[in-house]
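Residue strings, one per chain:
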Amino acid sequence: MDFELSTRQSLLLAFFVVLVVGYLKNPSLPSRNRSPPGPKGYPFFGHVFDIPKNHQWLKFWEWNKIYGDIVYINVLGTPNLILGSLEAATDLLETRGNIYSDRPRAVMAGELVGWDRGLGYSPGPPSTRFRAFRRLFHTFIGPRALSSNSVKHAQELCRLRLLHRISKWSRSTDKLGSNLANIVRECTSSFILLLSYGYDTERRVEREIDEGELGIIKDPLDLVQIVEDAMLGFARASEPGAFWADNFPCLKYIPVWFPGASFHRVAAQMRTDLERLYDVPLNYVKQCMANGKYTPSFVSTYFEDMAPGYRGDAEVMTEAEDEELIKAAAASLYSGGAETTPSSMMSFILAMTLYPDVQQRAQEELDRVIGSSDRLPTWDDRDRLPYLEAIVKEVWRWGVSVPLGLAHVAREDDVYRGYTIKKGTVVWANIWSILHDPIMFPEPSTFSPDRYLGSDDHSKLASDAVMVAFGFGRRICPGLHLAESSLFSAIAGILTVFRIEKARDLHSDNFHAKFDHGRRSRRKYSAS
Ligand code: HEM
């Protein structure tokens, strides 16, 4: 037999060998342009009509169950990935954090309203501004800062006011749940205002008219309202799909008089609200500092110790840049904390009405630790309150307050599990579905703090996994420690003073939470 090959045959064989060797070295090669699986979409519009207006994470979860833990969808031509497992989210957003640490373009909330001046919409590292923001957050609300007396004092004051207002609410006849939610929101705003600017929304003064009598000046600058207005704009402008300009950025350039350009007027009003949030409290601190009478806060500390010339890196900043940075950092505290912490508090209250046995165990633990003393337990007691700490974890999981996190975006092309992820792909971690994974969290819809308390490996894994509630990698929530200590101390205070029960509303068939003062009723906890 003659085995001699022609030149053409030899070339073909060589090409085939190169392909096989190449594949063995890098199995993703032949699938270079293969996208992850996903539902079939419409031409041009993609899946835009399949995404519901509310509870998008439930639809994404359904897709994850059908197509796997990485699902590809297309929203008006922009590729989107939905990550439905801890493994996929960690691999992409943490391990490959250098590729996935930017945010997608946000035309309405970011560019037209101006929230891109803050941290949430800023590009990720190596941006100097991003690093300066993260460093500021670490300095002011990192784990060390939280043990400072000024933060502890602000937290304690706001907790006592919260307890006082809940107590008043529970004695009133109008017990609408929405009013309770408002109380919780206002107390959170007041706390952030006190920390950021040293501005007390309920300042005690000697009233001039009634000599010597103690009076309270309530929010003279109307800052709570200023925060509320700006945050309303933030929530509306960042709602996915609410404004076409987000999907078609060129719309940003059409003039305001053009038919259909009313979003420009909406954006202008939101921008005015945002500027008031930036300027009014900052001017207040500057004026108080000039008079030499002020409560130490992030802004005053920044001006005293760090500005002028706070260095993001080696770069010296001008006075105007300094001011802009601290204004934007303080405003980012609201955009991050104003909705999330109250939502966790409300989830906790709901859980206590539904799971009285959990509440009773927590109260027994609290009674053992504080005994007959009049003090309220604090964050410093947490080592002796493991059940309470487990309740906090379970609140993060059961009542997920940011179910889809904040979107990340791919800065460059990437290949993962043989799939191509194109530069510009928007990546969503479905935090809700990760925290409802029945293998990691058996019976996921049950509120069960016990799942973290075993001495086995699984309980430890569950304890770690729950922290995905705060996001991933270099964009992980910088308010995590503040949120943890605030929720812990609020829960400890509420459970020390009240018993929460389910009660039927007098005027409807609805249920509401009832706060019973029976516990420790003879004790007095006062705010000063
Ligand atoms: C229940 C409490 C909270 C939860 C569950 C929560 C959750 C999150 C999540 C999921 C992200 C997105 C992370 C990512 O992109 O991967 C985030 C970002 C952020 N959070 Fe929180 N957060 C909470 C409280 C707070 C508080 C109290 C503050 C500030 C006072 C805060 C400030 C921020 C900021 C500024 C960002 C943007 C970070 C960046 O883009 O680099 N958060 N948070």
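How each quantity is defined
- Residues numbered from 1 in each chain as written.
- Predicted model: local features only at pLDDT ≥ 70, side-chain atom pairs only at ≥ 80, totals over all residues.
- Helix = DSSP H or I, 4+ residues; strand = E, 2+ residues; numbered from the N terminus.
- Buried ≥ 20, exposed ≤ 12 C-beta atoms within 10 Å, placed from the backbone.
- Axes fitted to C-alpha atoms, helices over the stretch in contact; angles between N-to-C directions.
- Left-handed = near helix turned anticlockwise from the far one by under 90°.
- Contact = placed C-beta atoms within 7 Å.
- Nonpolar A, V, L, I, M, F, W, Y, C, P; charged D, E, K, R; others polar.
- Pairing = 2+ DSSP bridges.
- Core = buried A, V, L, I, M, F, W, Y, C linked by C-beta atoms within 7 Å.
- Parallel < 35°, antiparallel > 145°, perpendicular 65-115°, else oblique.
- Near = placed C-beta within 6 Å.
- pLDDT = per-residue confidence, 0-100.
- Expected span 1.5 Å × (residues − 1).
- Arc of directions from axis to C-beta.

Colleague: Where do I start with the overall build of the protein in this structure?
Modeller: Along the protein, the regular secondary structure elements total 18 helices and ten strands. Buried residues in the protein amount to 36% of all 528 residues.

Colleague: Would you mind going over the environment of Thr446 with me for this structure?
Modeller: Topologically, Thr446 is positioned in the loop between α16 (431-434) and α17 (457-465). Residue classification places Thr446 among the partly exposed positions, given that 13 C-beta atoms sit within 10 Å. On a C-alpha basis, the gap between Thr446 and Tyr72 in space is 30 Å, while along the polypeptide they are 374 residues apart.

Colleague: Could you clarify how one ought to interpret the packing of helix α13 (residues 340-354) against helix α18 (residues 480-497) in this entry?
Modeller: Across the interface, α13 lies against α18 with an axial gap of 11 Å and an inter-helix angle of 35°. In this structure, α13 meets α18 at a crossing whose hand is right-handed. For the pair α13 and α18, contact is made by Thr340, Thr341, Ser344, Met345 and Phe348 and by Ala483, Ser486, Leu487, Ala490 and Ile491, respectively. A per-class count over the contact of α13 with α18 returns six nonpolar, four polar and no charged.

Colleague: I'm lost on the pairing of strand β8 (residues 426-429) in this one. Help?
Modeller: For a regular strand, side chains alternate in direction, first toward one face of the sheet and then toward the other. Relative to β8, strand β2 (residues 78-83) runs parallel, the two being bridged by four bridges. Note that in β8 the partner of Leu83 across the bridge is Ala429. Here strand β5 (residues 408-409) pairs with β8 via two bridges, running antiparallel. Across the sheet, residue His408 finds its bridge partner in β8, namely Val427.

Colleague: How should I be thinking about the environment of Ile166 in this particular structure?
Modeller: Here Ile166 is to be found in helix α6 (residues 149-171). In sequence terms Ile166 and Trp396 are 230 residues apart; their C-alpha atoms lie 22 Å from each other.

Colleague: Sorry if this is basic, but what is going on with the nonpolar core here?
Modeller: Within soluble globular proteins, side chains that are nonpolar generally end up buried alongside one another. Grouped together as the largest cluster of nonpolar side chains are 127 residues, with contacts concentrated most on Leu83, Ala89, Met108 and Ile491. Of all the elements, α18 adds the most residues to this core, at ten residues. Among residues more than four places away in sequence, those in contact with Ile491 are Phe348, Leu388, Ile391 and Val392.

Colleague: Whenever I open this one, unusual backbone geometry confuses me. Can you help?
Modeller: Across residues other than glycine, the phi torsion is negative in most instances, and most of the peptide bonds are trans. For the bond from Pro125 to Pro126, the omega torsion is 10°, close enough to zero to count as cis. If you trace the backbone, Pro126 turns up in the loop between α4 (107-113) and α5 (128-141). Phi is positive for Phe44, close to 65°, though the residue is something other than glycine. You can see Phe44 is positioned in the loop between α1 (7-25) and α2 (56-67). The phi dihedral of Leu76 falls on the positive side, at around 50°, and the residue is not glycine.

Colleague: Looking at this model, I keep getting lost on the packing of helix α10 (residues 262-291) against helix α11 (residues 298-306). Mind explaining?
Modeller: When two helices pack together, their arrangement is given by the angle between the helix axes and by the axis-to-axis distance. One way to put it is that α10 packs onto α11 with a least axis distance of 10 Å and a crossing angle of 55°. In terms of orientation, α10 and α11 fall into the oblique class. Judged by the sense of rotation from one axis to the other, the crossing of α10 with α11 is right-handed. Each of Leu282, Val285 and Met289 in α10 lies in contact with α11, whose residues at this interface are Val299, Ser300 and Phe303.

Colleague: What is the right way to read the sheet that holds β8 from this model?
Modeller: As a general point, the strands of a sheet are linked pairwise by backbone hydrogen bonds and lie either parallel or antiparallel. What the four strands build is an open sheet, ordered β1-β2-β8-β5; its pairing is mixed. Strands with a single pairing partner mark the edges of an open sheet, and in this sheet they are β1 (70-75) and β5.

Colleague: Would you take a moment to explain the site of the ligand for this structure?
Modeller: Around the ligand, 24 residues are found, and the nearest of them are Gly336, Gly337, Gly471, Cys477 and Gly479. Mapped by element, the contributors of at least two residues to the shell around the ligand are α12 (319-337), α13 and α18. Looking at which element gives the most residues to the shell around the ligand, the answer is α12, with four residues.

Colleague: So what exactly am I meant to see when it comes to the confidence of the model for the protein here?
Modeller: Do not read the predicted coordinates in detail wherever pLDDT is low. Per-residue pLDDT for the protein has a mean of 87; in total, 85% of the residues score no lower than 70. Contacts from residues 18-31, a stretch scored under 50 in pLDDT, to residues over four places away or in other chains number seven contacts.

Colleague: What should I look at first to understand α13 in this one?
Modeller: Because the α-helix completes a turn every 3.6 residues, residues three or four places apart line up on one side. Counted at 1.5 Å a residue, the expected span for α13 with its 15 residues is 21 Å, and the 21 Å between its end C-alpha atoms agrees. Among the residues of α13, those classed as buried are Thr341, Pro342, Ser344, Met345, Ser347, Phe348, Ile349 and Met352.

Colleague: Looking at this model, I keep getting lost on helix α14 (residues 356-370). Mind explaining?
Modeller: Its 15 residues place the ends of α14 21 Å apart at the C-alpha level, agreeing with the 21 Å of an ideal helix rising 1.5 Å per residue. Those residues of α14 that sit buried are Gln359, Ala362 and Leu366. Down the axis of α14, the buried side of the element spans an arc of 65°, and every buried residue falls inside it. α14 presents Asp357, Glu364 and Arg368 as exposed residues on the side facing more than 90 degrees away from its buried surface. At its buried positions, α14 is contacted by α13, α15 (386-398), α18 and β9 (499-504). Gly371 sits one or two positions beyond α14 and adopts a positive phi of about 55°.

Colleague: Which parts of the structure should I look at to understand the environment of Met108?
Modeller: Here Met108 lies in helix α4. Considered as a pair, Met108 and Arg236 are 128 residues apart in the sequence and their alpha carbons are 9.6 Å apart. Every residue in contact with Met108, bar those within four places of it in the chain, is listed here: Val113, Ala237, Phe243, Ala245, Asp246, Phe263 and Ala267.

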